[in-house]
Amino acid sequence: MKQKGKTKNSLSPMGELLKYSMIGSAISIICLVILSLIAALVISKSDLPHRSITPISIAIIGISVFIGSLIAGKMLHKKGLVLGVLSAVITLAIMLIAGFFIPNENVVSLILVKILVSVIPSLVGAVIGVNIRKRY
């Protein structure tokens, strides 16, 4: 018999959580790439010192994971803390794997800072996203 209205989600709760955390991570990576390109353009056109690149890239990571987990939390509407941690871990893993392909780059440089800057904004973003009310 066909249900009227909402269809039942065929994913388990863990599968649903993983799905939305991957969506949040994908959005985070897209934001990371876009913001990094914008920052590279600004840095190349301005007189910023070379030592300002690291803080700018750390800020871009924080902003990107916040946006990604905010959107994922808004889509899922539950389990914001777990969703935030999963989104941050997936995004951080993708960034570390991508770091292996950059020549002369120390992959583990600032790893603790990157972990903190990934997890904390992601937690906050997911919790805020879960608590945003839908407008009908």
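Bear in mind the structure is a predicted one, so any value in this text is a computation, not a measurement.

Enquirer: Got a minute to help me understand the side chain of Ser 64 in this structure?
Expert: Following the sequence through the fold, Ser 64 ends up in helix 2 (residues 53-76). Ser 64 gets classed as buried once you look at its relative accessible area, which sits at 1%. Among all residues touching Ser 64, those that are not within four sequence positions of it are Ser 28, Cys 31, Leu 32 and Leu 35.

Enquirer: Explain the nonpolar core here, please?
Expert: Side chains that are nonpolar tend, in soluble globular proteins, to be buried together. Among the nonpolar cores identified, the biggest contains eight residues, and these are Leu 32, Ala 39, Ile 58, Ile 60, Ile 61, Leu 92, Met 95 and Val 117. Only helix 1 (13-45), helix 2 and helix 3 (80-100) provide two or more residues apiece to this core. Ranked by residues supplied to this core, first place goes to helix 2 with three residues. Setting aside anything within four residues of it in sequence, one finds Leu 32 in contact with Ile 60, Ile 61, Ser 64 and Met 95. The next biggest cluster of nonpolar side chains, apart from the first, holds six residues, and it includes Leu 17, Ala 72, Leu 76 and Leu 83.

Enquirer: What is the right way to look at the environment of Ile 43 in this model?
Expert: Turning to its location among the elements, Ile 43 is positioned in helix 1. With 13 residues separating them in the primary sequence, Ile 43 and Ile 56 have C-alpha atoms 9.7 Å apart. For Ile 43, the residues in contact, after removing those within four places along its chain, are Leu 48, Ile 53 and Ile 56.

Enquirer: Even after reading the chapter, I still don't get helix 3, so can you show me in this structure?
Expert: Structurally, the α-helix is built with 3.6 residues per turn, so residues lying three or four positions apart point the same way. A rise of 1.5 Å per residue sets the reference length of helix 3, with its 21 residues, at 30 Å; its end C-alpha atoms lie 30 Å apart and thus fit the reference within 8%. Contacts from the buried residues of helix 3 go to helix 1, helix 2 and helix 4 (111-131).

Enquirer: What exactly am I supposed to notice about a nonpolar patch on the surface here?
Expert: On the surface, Ile 30, Ile 34, Ile 38, Val 42 and Leu 48 cluster together to form a nonpolar patch covering roughly 440 Å² of accessible area. Position of Leu 48 among the secondary structure elements: in the loop between helix 1 and helix 2.

Enquirer: Can you walk me through the pattern of salt bridges in this structure?
Expert: Side-chain pairs of opposite charge can arise whenever the charged atoms involved come near each other. Taken as a whole and assessed by the stated rule, the structure comprises one salt bridge. Taking the shortest distance from any N to any O, the salt bridge between Glu 16 and Lys 78 comes out at 3.3 Å. Placement of the pair is Glu 16 in helix 1 and Lys 78 in the loop between helix 2 and helix 3, with a sequence separation of 62 residues. On the basis of relative accessible area, Glu 16 is assigned to the buried category, the value being 15%.

Enquirer: I keep staring at the environment of Gly 84 and nothing clicks. Help me out?
Expert: Within the secondary structure, Gly 84 sits in helix 3. Relative accessible area serves as the criterion here: at 0%, Gly 84 is assigned to the buried category. The spacing of Gly 84 and Leu 70 is 14 residues in sequence and 8.5 Å in space, taken between C-alpha atoms. Discounting chain neighbours no more than four positions away, the residues touching Gly 84 are Ser 122, Leu 123 and Ala 126.

Conventions and cut-offs
- Residues numbered from 1 in each chain as written.
- Predicted model: local features only at pLDDT ≥ 70, side-chain atom pairs only at ≥ 80, totals over all residues.
- Heavy atoms only, no water.
- Helix = DSSP H or I, 4+ residues; strand = E, 2+ residues; numbered from the N terminus.
- Buried < 20%, exposed > 50% of the residue type's maximum accessible area, 1.4 Å probe, protein only.
- Contact = heavy atoms within 4.5 Å.
- Core = buried A, V, L, I, M, F, W, Y, C linked by side-chain atoms within 4.5 Å.
- Expected span 1.5 Å × (residues − 1).
- Patch = residues over 30% accessible without salt bridge, like charges linked within 9 Å, V, L, I, M, F, W, Y side chains within 5 Å.
- Areas by Shrake-Rupley, 256 points an atom, 1.4 Å probe, with all protein chains shown as cover.
- Salt bridge = Lys/Arg side-chain N within 4 Å of Asp/Glu carboxyl O.

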